[in-house]
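# Summary of structural features
So you can see what is in the structure, the chains are spelled out below.
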Amino acid sequence: MPEITLPDGSRRQFDGAVTVAQIAASIGAGLAKAALAGRVGAALVDMSYLVEHDAAVSIVTDKDPEGLEIIRHSTAHLLANAVQELFPDAQVTIGPVIEDGFYYDFAYKRPFSSNDLAAIEQRMAEIAAKDLPILRRVLPRDEAIRHFERIGEHYKAQIIGSIPAGESISLYGQGDWEDLCRGPHVPSTSKLRAFKLTKVAGAYWRGDSRNEMLQRIYGTAWASEKQLKDYLTRLDEAEKRDHRRIGKELDLFHLQEEAPGAVFWHPKGWALFQSLISYMRERQAAAGYLEINTPEIMDRELWVQSGHIEKFGENMFMTRTPDERTFAIKPMNCPGHVQVFKQGLRSYRELPLRLAEFGKVHRYEPSGALHGLMRVRAFTQDDAHIFCTTDQITAESVKVTELILSIYRDFGFEDVRIKFSDRPAQRVGSDEIWDKSEAALRTAAAAAGIETTLNPGDGAFYGPKLEFVLRDAIGRDWQCGTLQVDLNLPARLGATFIGEDSHKHTPVMLHRAMFGSLERFTGILIEHHAGKLPTWLSPVQAVVMGITERQEKYCLEVAENLKNQGLRVETDLRNEKVGFKIREHTIKRVPYLLVAGDREVEGRTLAVRTRSGKDLGAIELDALVSGLADEVASRGRHVLEDRVSQRRSA
RNA sequence: GCCGCAAUAGCUCAGCUGGUAGAGCAACGCAUUCGUAAUGCGUGGGUCGGGAGUUCGAUUCUCUCUUGCGGCACCA
């Protein structure tokens, strides 16, 4: 006589054990039709699940996030079903739900083509239309292994083999097709209505590059056609803000065959890059950092000492000189900074010593990893190393954390997540040292009042790290900043200071970067703003244009005036209609378009239009110059546009 | 590095089954002197990513290298 408690708190009595489907039907026919699964207590279950005891039950529909997940999971099964009908000797492996969709990995003698994809999608639609009930059955583990071996599904048998003996295994099937699965699933294939296969790719079995490569098919699935369409539109929008595309449109940079993974910065891109550096210089100087510069090429031996060769030798550029010495092109700045620290005798009175460098590093990244500005082989780090005593770790780490978060705020990134990565399998240093440095970093994170999520085994080879991940305008996460506590490298490289006790001690080294890679951060900014960079970062902050030749002199005078304020200004005196010029510079995302006609020359004003198409009307030259200068100096906290509209309404 | 796909004018792209290439935009020239997202007319521009092979003949077919793209793996 189970008593069922519904989400609204109401209770229902049933005479005997009852399925979720029956419960849904007892609430209403509409709900029964929309139902995809149930939640009994905390567990998600199928519609056919038999509730035998008192329980809290809710019905899951496609309005619930769990419902969408179940749809995606069932669509993955539908995909596997279709693939095996069309390619009977393809073996199934795994098919999980991912963000916005799902994938399924198959072992097959050849890769699937895009034609195959179309045929598979077609077959999926046919199976869905058959409205086949999805049924669950349970087998003991060993029997399940024998079953999958018998039907030639060796990967599935292997997966079950890693489940503890004695457990039961559930299988889900539709028609005469069946797959190992924990479930739950939608009750019937007709619930799967809005899906699309998106791409094929290779993927290693169990995610290990030593294993064979499987054929992965990606798809997306939604509760309705409309949601599917919206998703596809969203993909198009994301593509439009791709930094590689905008980089070309705005003439910021290029890449070419002769220098894979290395950027050719054009004047406009370099202006942006330089404004990031000047900004960071200013913030770091204020925070007590001293800027240095260290060699890009140093003897290989130094990298053996540091341990970089052992761990990353394969990924370092090496060069052999005519005198037969082998030099490494630096993949990191740390050993160089330690050399600066080591010059002369250091006293505890100098600590903490914060050495910063905009260091250009080269890493021979795997060819397949390269991606526009986001993953390159030559990049500039806003790197710094803080040499300090054990006692100073916490205070310094708190300062770094606060600085990073404050800097991200200046760029409009408020949503920052922080990950804590502890000791990796391949590392240098004893476990005692690792215990100490992990504890120190944990204490520091707590002192800074930040919440972290654990990223097990993801630390650097010399120490644990905090990773600062920021979320951009369209919800993508980017790891940028990092803070690492290192109790290993200073000793390996022989760094010491004289303590209060007049004895030599080994300093602690904190590694930190805020932008991480300047190249990458530039790419992130471009995508975050879809190219419409805030004025203080825009390569061209304003364009002065005349309507006819008569305003040429005035335009040049205005431009000169703005340039004297340190603004990046261009003139457009071409023999073109003003509409044409407006269009061109709007497409180039120039924040302010300053138009001078006879009226403006007469009144010493400018007609101001923003790139978003807003007409700010005529503004006096002096007011405009100071307004723009203020907008740039305040890094967008005072915006000319707002100020003008405020004054108008006042 | 691995799997797949791609590379044609400065850019975006077309070019069916082999017969040495075309559009739009851009560039250049001329006219136009114009008030907020494209003025008109004209002109020039290509070793069809590199190398090799098949063929009477290769942008097109085959092999190979390079680079890029989508994933996987990697990311100090």
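Parameters and conventions
Residues numbered from 1 in each chain as written. Chains lettered and ligands numbered in written order. Predicted model: local features only at pLDDT ≥ 70, side-chain atom pairs only at ≥ 80, totals over all residues. Heavy atoms only, no water. Helix = DSSP H or I, 4+ residues; strand = E, 2+ residues; numbered from the N terminus. Buried < 20%, exposed > 50% of the residue type's maximum accessible area, 1.4 Å probe, protein only. Contact = heavy atoms within 4.5 Å. Polar contact = N/O pair within 3.5 Å; in protein donor to acceptor, adjacent residues only side chain to side chain. Pairing = 2+ DSSP bridges. Axes fitted to C-alpha atoms, helices over the stretch in contact; angles between N-to-C directions. Near = heavy atom within 4 Å. Nonpolar A, V, L, I, M, F, W, Y, C, P; charged D, E, K, R; others polar. Parallel < 35°, antiparallel > 145°, perpendicular 65-115°, else oblique. Left-handed = near helix turned anticlockwise from the far one by under 90°. pLDDT = per-residue confidence, 0-100. Disulfide = S-S within 2.5 Å. Salt bridge = Lys/Arg side-chain N within 4 Å of Asp/Glu carboxyl O. Core = buried A, V, L, I, M, F, W, Y, C linked by side-chain atoms within 4.5 Å.

Quick look at the overall build of chain A now. Helix and strand counts for chain A stand at 21 helices and 35 strands. Its C-alpha atoms give chain A principal-axis dimensions of roughly 85 × 75 × 55 Å. Counting across all 650 residues of chain A, residues that qualify as buried make up 50%. Long-range contacts, defined here as pairs at least 24 residues apart, represent 68% of the contacts in chain A between residues at least 6 apart.

When you line up the elements, Glu 467 lands in strand β26 (residues 465-471). A residue is classified by how much of its surface remains accessible, and Glu 467, at 2% relative accessible area, is buried. In terms of polar contacts, Glu 467 uses its side chain to reach the side chain of Lys 465, at 3.1 Å. Residues contacting Glu 467, with those up to four places away along its chain left out, are Arg 417, Ile 418, Lys 419, Ser 421, Asn 455, Asp 458, Gln 479 and Gly 481.

Turning to the sheet that holds strand β34 (residues 605-610), a few remarks are in order. Across the sheet, which stays open at both edges, the five strands sit in the order β32-β31-β33-β34-β35 with mixed pairing between neighbours. In this open sheet, the two edge strands, each paired with only one partner strand, are β32 (569-572) and β35 (615-620). Neighbour-to-neighbour, the strand axes of the sheet open up by a mean angle of 25°, direction not taken into account. The pairing of strand β31 (residues 542-546) with β32 spans four bridges and is classified as parallel. Across the sheet, residue Val 543 finds its bridge partner in β32, namely Glu 570. Contacts from helix α18 (residues 578-587) reach β31, β32, β33 (592-596) and β34, with the element oriented near 170° to β31.

Before going further, it helps to examine helix α12 (residues 334-342). Residues lying three or four places apart along an α-helix face the same way, a consequence of the helix completing one turn every 3.6 residues. Of all the positions in α12, only Cys 334, Pro 335, Gly 336, His 337, Val 338 and Phe 341 are classed as buried. Gly 344 sits one or two residues past α12 and shows a positive phi near 75°.

Taken together, 56 residues are adjacent to RNA strand B, and Tyr 204, Met 332, Ser 367, Asn 575 and Arg 583 come closest. The sugar-phosphate share of atoms of RNA strand B within 4 Å of the protein amounts to 51%. For RNA strand B, a sugar or linking oxygen lies 3.0 Å from a polar atom in the side chain of Tyr 218. A distance of 3.4 Å separates a phosphate oxygen of RNA strand B from a polar atom in the side chain of His 371. Elements that contribute at least two residues to the surface near RNA strand B include exactly β14 (194-204), β15 (213-222), α8 (243-249), α11 (308-312), α18, α19 (598-603) and β34. Residues of the surface near RNA strand B, tallied by class, amount to 22 nonpolar, 17 polar and 17 charged.

The next thing to look at is the packing of helix α3 (residues 65-86) against helix α4 (residues 114-129). Across the interface, α3 lies against α4 with an axial gap of 9 Å and an inter-helix angle of 115°. With respect to their mutual orientation, α3 and α4 come out roughly perpendicular. Seen from above, α3 lies across α4 with right-handed handedness. For the pair α3 and α4, contact is made by Thr 75, Leu 78, Leu 79, Asn 81, Ala 82, Val 83, Glu 85 and Leu 86 and by Ala 119, Ile 120, Arg 123, Met 124, Ile 127 and Ala 128, respectively. Among the residues making up the contact of α3 with α4, the classes are represented as 10 nonpolar, two polar and two charged.

Inspection of the secondary structure puts Thr 380 in strand β23 (residues 378-388). Not counting residues within four places of it along the chain, the set of residues in contact with Thr 380 comprises Phe 273, Phe 358, Gly 359, Lys 360, Gly 516, Ser 517, Leu 518 and Glu 519.

Right, let's get into the sheet that holds strand β11 (residues 134-140). In sheet architecture, strand pairing relies on hydrogen bonds along the backbone and comes in two forms, parallel and antiparallel. Pairing in this open sheet of three strands is antiparallel, and the strands run β11-β12-β13 from one edge to the other. Bordering the open sheet on either side are β11 and β13 (177-180), each of which pairs with just one other strand. Each strand axis lies, on average, 30° off the axis of its neighbour in the sheet, ignoring direction. The pairing of β11 with strand β12 (residues 168-174) spans seven bridges and is classified as antiparallel.

This brings us to the confidence of the model for chain A. Caution is warranted with low-pLDDT regions, since their predicted coordinates should not be read in detail. With 100% of its residues at a pLDDT of 70 or more, chain A has an overall mean of 95. Taken together, the chains of this predicted complex give a pTM of 0.94 and an interface ipTM of 0.95.

The full count for this structure, using the stated rule, is zero disulfides. You can see Cys 388 has no disulfide; the closest cysteine sulfur is in Cys 334, sitting 15 Å from it. Summary of cysteine pairing: Cys 480 is not part of a disulfide, and the nearest cysteine sulfur, belonging to Cys 334, is at 18 Å. Cys 480 sits in the buried class, given a relative accessible area of 5%.

What the rule picks out here adds up to 46 salt bridges. For Asp 142, the salt bridge identified is with Arg 141, shortest N-O distance 2.8 Å. A salt bridge links Asp 299 to Arg 325, with the nearest nitrogen and oxygen atoms 2.9 Å apart. A residue pair is termed long-range when its members are at least 10 positions apart, and Asp 299 in strand β19 (residues 297-299) and Arg 325 in the loop between β20 (318-320) and β21 (326-329) qualify at 26 residues. Residue class for Arg 325 comes out partly exposed when judged on its relative accessible area of 40%. It is possible to trace a salt-bridge network through shared partners that takes in Arg 423, Arg 427, Asp 431, Asp 435 and Glu 438.

Turning to the nonpolar core, a few remarks are in order. One finds Ile 407, Tyr 408, Phe 411, Leu 466, Phe 515 and Phe 521 to be the most contacted residues of the largest nonpolar core, which totals 59 residues. The contact partners of Ile 407, leaving out residues within four places of it in the chain, are Tyr 279, Met 280, Arg 283, Met 514 and Phe 515. The next biggest cluster of nonpolar side chains, apart from the first, holds 41 residues, and it includes Phe 112, Met 124, Ile 217 and Leu 228.

Orientation of helix α13 (residues 393-410) relative to helix α14 (residues 431-448), taken along the N-to-C sense of each, is 55°, at an axis distance of 8 Å. Taken together, the axes of α13 and α14 lie oblique to each other. The handedness of the crossing between α13 and α14 is right-handed. Only Ala 440, Thr 443, Ala 444, Ala 447 and Ala 448 of α14 make contact with α13, whose side of the interface consists of Ile 393, Thr 394, Ser 397, Val 398 and Thr 401. For the contact of α13 with α14, a count of residues per class yields six nonpolar, four polar and no charged.

Alignment of β33 against β34, held across four bridges, turns out to be antiparallel. Across the sheet, Leu 594 pairs through a bridge with Val 608, a residue of β34. In terms of strand pairing, β34 meets β35 through five bridges, oriented antiparallel. Of the residues in β35, the one forming a bridge with Leu 606 is Ile 619. The antiparallel hairpin formed by β34 and β35 contains four residues in its connecting segment, where Gly 613 sits at a positive phi of about 95°.

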